[in-house]
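The lines below spell out each chain.
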Amino acid sequence: IPLPSARVVAGSVNESIDAATTAVARAEIDGGILLCATPVAASCRANRRECLRAVPIRDVGEVRQSQRELEVNLYCFDPTNKAYYELRRLLHSMME
């Protein structure tokens, strides 16, 4: 899936949230995907930031539900133990 602009941030979840906050606030990006082992905690931390609306997701159904009900701009997701086709479907649904 081609991404219009992708930024890789190595380090802690907090550093990644800081980078997303800065990029969204500067209108460099509309939103992002945070891959981490703790998506629920990460979304809680991200939602403390005024410009971020984060949600933890596990599957395509949750992505679609969050798109209908919320103005999400940061998906928090744990890719561990996901098959390639499942990851691809998830990423594709996040970009719709």
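Computed from a predicted model, the values in this text were never measured in an experiment. (Residues numbered from 1 in each chain as written. Predicted model: local features only at pLDDT ≥ 70, side-chain atom pairs only at ≥ 80, totals over all residues. Heavy atoms only, no water.)

Asker: I would appreciate a short explanation of the overall build of the chain in the present structure.
Answerer: If you tally the helices and strands in the chain, you get four helices and three strands. Burial statistics for the chain: of 96 residues in total, 31% are counted as buried. In the chain, the proportion of contacts linking residues at least 24 apart, taken out of those at least 6 apart, comes to 56%. Working note: accessible area of the chain is about 6400 Å², and carbon and sulfur atoms make up 51% of it. (Helix = DSSP H or I, 4+ residues; strand = E, 2+ residues; numbered from the N terminus. Buried < 20%, exposed > 50% of the residue type's maximum accessible area, 1.4 Å probe, protein only. Contact = heavy atoms within 4.5 Å. Areas by Shrake-Rupley, 256 points an atom, 1.4 Å probe, with all protein chains shown as cover.)

Asker: I tried to follow the packing of helix α3 (residues 60-69) against helix α4 (residues 84-94) on my own but got confused; where do I start?
Answerer: For any two helices packed against each other, the geometry comes down to the angle between their axes and how far apart the axes lie. One way to put it is that α3 packs onto α4 with a least axis distance of 9 Å and a crossing angle of 5°. With respect to α4, the element α3 is oriented roughly parallel. Contacts between α3 and α4 pair Val60, Val63, Arg64 and Gln67 from the former with Arg89, Leu90, Ser93 and Met94 from the latter. Looking at side-chain class alone, the contact of α3 with α4 contains four nonpolar, two polar and two charged residues. (Axes fitted to C-alpha atoms, helices over the stretch in contact; angles between N-to-C directions. Parallel < 35°, antiparallel > 145°, perpendicular 65-115°, else oblique. Nonpolar A, V, L, I, M, F, W, Y, C, P; charged D, E, K, R; others polar.)

Asker: Looking at this structure, how should I read the pattern of salt bridges?
Answerer: Two side chains of opposite charge can pair, provided their charged atoms sit close to one another. According to the stated counting rule, one finds four salt bridges in the structure shown. Glu28 is paired through a salt bridge with Arg26; the nearest N and O atoms lie 3.8 Å apart. One salt bridge connects Glu86 with Lys82, and the closest N-O pair in it is separated by 3.4 Å. A residue is classified by how much of its surface remains accessible, and Glu86, at 26% relative accessible area, is partly exposed. (Salt bridge = Lys/Arg side-chain N within 4 Å of Asp/Glu carboxyl O.)

Asker: Just to check I follow, could you spell out unusual backbone geometry for this structure?
Answerer: Glycine aside, a negative phi is what most residues show, and trans is what most peptide bonds show. Although it is not a glycine, Ala27 sits at a positive phi angle of roughly 60°. Along the polypeptide, Ala27 turns up in the loop between α1 (13-25) and β1 (32-35). Its relative accessible area of 65% is what places Ala27 among the exposed residues. With phi around 65°, Asn81 is a residue other than glycine that occupies positive phi space.

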